[in-house]
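# Results of the structural survey
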There are 2 protein chains.
Amino acid sequence: MITQFRSWAETLADCSPAFIEYIEQKLNRVERQIEGLLLRESPFIREAGLYIMKAGGKRLRPLLLIVSARLGDYPGDDDVLFGVVVEYIHTATLVHDDIIDNAQERRGQLSVHRRWSGPVAVLLGDYFYTKAMALALDYGHLKILRILSNITLQTLQGEIAEQVQDGNLWITEPQIMDIIYRKTACLFSGCCQIAAILAGLPPGLEASLAEFGRYLGIAFQIVDDMLDYSADPHRLGKPVLHDLLEGKVTLPLYYLLRQAAPDETAPVRAAFQRRDPSLLDTQALQRLMDKYRILPQVQRVAETYARQALTVLQSFPRGEARQLLEGLIRFIIRRPS
Amino acid sequence: MITQFRSWAETLADCSPAFIEYIEQKLNRVERQIEGLLLRESPFIREAGLYIMKAGGKRLRPLLLIVSARLGDYPGDDDVLFGVVVEYIHTATLVHDDIIDNAQERRGQLSVHRRWSGPVAVLLGDYFYTKAMALALDYGHLKILRILSNITLQTLQGEIAEQVQDGNLWITEPQIMDIIYRKTACLFSGCCQIAAILAGLPPGLEASLAEFGRYLGIAFQIVDDMLDYSADPHRLGKPVLHDLLEGKVTLPLYYLLRQAAPDETAPVRAAFQRRDPSLLDTQALQRLMDKYRILPQVQRVAETYARQALTVLQSFPRGEARQLLEGLIRFIIRRPS
């Protein structure tokens, strides 16, 4: 994964080897700290925790926090600790999410509830949530603690909203965007805000950095939702059309349902409502998506948010940290299908 | 439930009507605060949250916190807030526990995961854990926050240890006692310690109050484990022999397996290992338990802890709060079978 960071950083941002080395070392320390924490746990948490943590994952949230802290000229080391904290929160969400969606795979291996059981996954998710707060409590900064607590509440409310909208073909665009904000962008935004607080930035820049994270997170999730309609399952490590068959309307399906004629979308709606893959002609769906140019439209929405993220970054001085964040925006927008 | 408090308080403790009224009003405010919080939530959390919260429950942990604060002459009102916080943590544990044990009922009604679904129960438990910390963060006392975080970690580690020992007939007594401490007594102890901190007690008395809570919690859980072997299912609202058929060895089964002859316990072991109620002759098990006087032995262990709790209370001045806590010990030890 760390190699993955280096490869995209070298391609998409014009940073010095020394700067890339600096970020890479921070990310390595996040990894070592996660491993060290898990190795000190009881055998059960250790095994299941290392299983999920060692499977990869982009470590996008720790990276975002670390580079944002650097943007604020933060000289210290607590960005590594909070990198661990946000990765723990993210992991807790994934583990519980996989139970909720009954996902079979995660990061190219069996999901925790499939590899072990539902009970193990419930407890492992609880453990990551609780340990994240315990780590942050050791540090003891109340404002950061409140941000982390709010992130978790927002994420849960996003998950719950998604459950409520389960199977609802008539969800509105604002409702979809609200779920995207709560489920994903709030944590991105929190990573940036925590970095700003660590760096001691003035309130205006703290708010700007949080806003940057929010736009970036929204762009990220929109692209993620697109990949479910376009990705090669081998590269992404998860089945395509998963959202559709789980009864979740994301932007691609939303646009298709509103732009195509009802008789064109009838088979898709049937597969959605019965959650039956056998009712779904993948190639016909592909043709329909192409006919109405759905994915390019969705891509444009993601790019709008990416541009807003870029604009907010202009408030910060030019430099390698800003270049890397700009590269991160491009990376998120151009993720391989 | 509040009526339940009054009835046992009048029977088991010699407190003035004014004192009982004082505690009852605090408990009523815990109820109103819980209801107020849930009514402000989105419809989904509101409905499921009120369902589980309105089903009753003894509110033993808020009561313990409130009476302990009174023992320290605490004049304020934040005991109500922390009463809500500890009841939230307890409820989160119950909701996730019911998924783990696949329990059909809780407090005489369908458990959340049966009434709705596993996903709903996962998210509702997450919500109660997270909201508990968010409420405590509003108050912002770092030491109390760390106690709460530690309670949750200990509880999870207790649950995890229980999963690890699942189906293990050869669990040791220290392992059983460790699970009892983590799963139950740690929260009891934390309720008392938080009360001591609110009351501003000196470190020695804070430690004593925490120790009292620990002994009380251990006694409570031992009696709870006994009730699974002796209770009338209609009064307790949960099926008897549930632990045995879930592959959990608690003290009654532990003593039976070590005291009865192997051929006597063979059918019990078979039912335990296959988790098959049809292999279990309840009346034969009852006779075997009677023959070796298992439940009176377990009751004596619980009474040992109850006596230790009583002894620790001697460090505190006589008064109605101490009398009520002494009554609470008796109540816990004599819970109806």
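Please read all numbers here as calculations on a predicted model, not as lab measurements. Every chain is numbered on its own, with residues counted from 1 as its sequence reads. Labels are handed out in written order, letters beginning with A for the chains and numbers beginning with 1 for the ligands. With pLDDT at 70 or above as the cut-off, local features in this predicted model cover only qualifying residues; side-chain atom pairs require 80 or more to be listed or tallied, and sums for whole chains, interfaces and linings still use all residues. As a rule here, side-chain values come from all non-hydrogen atoms in the structure, and water together with hydrogens is ignored.

### Details of the overall build of chain A
In this description a helix means any DSSP run of H or I spanning at least four residues, a strand means any run of E spanning at least two, and both kinds are numbered starting from the N terminus. Scanning chain A from terminus to terminus reveals 17 helices and two strands. Principal-axis analysis of the C-alpha atoms places the extent of chain A at approximately 60 × 45 × 35 Å. Partly exposed describes any residue whose relative accessible area lies between the buried limit of under 20% and the exposed limit of over 50%, with all areas from a 1.4 Å probe on protein chains only and scaled to the type maximum. Counting every position in chain A, which comprises 337 residues, the buried fraction comes to 59%. Restricting to contacts in chain A with at least 6 residues of sequence separation, those with at least 24 account for 75%. Carbon and sulfur atoms make up 49% of the accessible area of chain A, which amounts to about 13,200 Å² in all. The sign given to each residue is positive for Lys and Arg and negative for Asp and Glu; His and the chain ends receive no count. Positions of charges follow a simple convention, taking NZ of Lys, CZ of Arg, CG of Asp or CD of Glu. Both charge centroids of chain A, one from 38 positive and one from 40 negative side chains, sit 1 Å from each other. The criterion used for residue contact is that any of the two residues' heavy atoms lie within 4.5 Å. Here the accessible surface of atoms and residues is derived via Shrake-Rupley with a 1.4 Å probe, and residues count as covered only by protein chains that are part of the display.

### Section: the confidence of the model for chain A
Scored from 0 to 100, pLDDT records how confident the predictor is in each individual residue. Summing up the model confidence of chain A, the mean pLDDT is 93 and the portion of residues at 70 or higher is 96%. Predicted complex, confidence summary: ipTM 0.91, pTM 0.93.

### Quick look at the environment of Asn28 of chain B
Residues and elements named next belong to chain B. For Asn28, the position within the fold is in helix H2 (residues 17-39). Judged by relative accessible area, which is 28%, Asn28 ranks as partly exposed. When the C-alpha positions of Asn28 and Val80 are compared, they lie 9.2 Å apart, and in sequence the two are 52 residues distant.

### Points about the packing of helix H10 (residues 203-230) of chain B against helix H16 (residues 294-313) of chain B
All names here are of chain B. Orientation is described by lines fitted to C-alpha atoms, with helices fitted over the stretch in contact, and by angles between N-to-C directions that extend from 0 to 180 degrees. H16 packs onto H10 with a crossing angle of 160° between their chain directions and a minimal axis gap of 8 Å. When the interaxial angle is binned, H10 and H16 end up roughly antiparallel. Between H10 and H16 lies a crossing of left-handed hand. Mapping the contact onto sequence places Ser208, Glu211, Phe212, Tyr215, Leu216, Ile218, Ala219, Ile222, Val223, Met226, Tyr229 and Ser230 in H10 and Leu295, Val298, Gln299, Val301, Ala302, Tyr305, Ala306, Gln308, Ala309, Val312 and Leu313 in H16. Lys, Arg, Asp and Glu make up the charged group, whereas Ala, Val, Leu, Ile, Met, Phe, Trp, Tyr, Cys and Pro make up the nonpolar group; the residues left over, Gly among them, are polar. Tallied by class, the residues present in the contact of H10 with H16 amount to 18 nonpolar, four polar and one charged. Small angles under 35 degrees read as roughly parallel and large ones over 145 as roughly antiparallel, with 65 to 115 read as roughly perpendicular and the rest as oblique. By definition, any crossing whose near helix is turned counterclockwise from its far helix by less than a right angle is left-handed, and any crossing with a clockwise turn is right-handed.

### Topic: helix H16 (residues 294-313) of chain A
A helix is expected to span 1.5 Å for every residue after the first. Helix length check: H16 of chain A (20 residues) gives 29 Å between terminal C-alpha atoms against 28 Å at 1.5 Å per residue, within 8%. The complete set of buried residues in H16 of chain A reads Ile294, Leu295, Gln297, Val298, Gln299, Val301, Ala302, Tyr305, Ala306, Ala309, Val312 and Leu313 of chain A.

### Looking at the pattern of salt bridges
Whenever a carboxyl oxygen of Asp or Glu lies within 4 Å of a side-chain nitrogen of Lys or Arg, that contact is scored as a salt bridge. Taken as a whole and judged by the stated rule, the model has 44 salt bridges over all chains. When the shortest N-O distance is used, the salt bridge between Glu162 of chain A and Lys183 of chain A registers 3.1 Å. With Glu162 of chain A in helix H8 (residues 142-164) and Lys183 of chain A in helix H9 (residues 173-198), this pair connects stretches of sequence that are 21 residues apart. With a shortest N-O distance of 3.1 Å, Arg182 of chain B and Asp178 of chain B are connected by a salt bridge. You can see Arg182 of chain B and its partner Asp178 of chain B sitting in helix H9 (residues 173-198), four residues apart, about one turn around the helix. Overall, Asp178 of chain B belongs to the partly exposed group, its relative accessible area being 31%.

### Description of the packing of helix H4 (residues 60-71) of chain A against H9 of chain A
Residue and element names in this part refer to chain A. Close contact between H4 and H9 brings their axes to 8 Å; oriented N to C, the two are set at 30°. As far as their axial angle goes, H9 and H4 are roughly parallel. Between H4 and H9 the crossing geometry is right-handed. Across the interface between the two elements, Leu60, Arg61, Leu64, Leu65, Ser68 and Ala69 from H4 touch Leu187, Phe188, Cys191, Cys192, Ile194, Ala195 and Leu198 from H9. The residue inventory of the contact of H4 with H9, partitioned by class, reads 11 nonpolar, one polar and one charged.

### Focus on unusual backbone geometry
Residues and elements named next belong to chain A. Here Arg59, not a glycine, exhibits a phi torsion of approximately 55°, which is positive. With respect to the helices and strands, the residue Arg59 is situated in the loop between helix H3 (43-53) and H4. The buried category is assigned to Arg59, whose relative accessible area is 2%.

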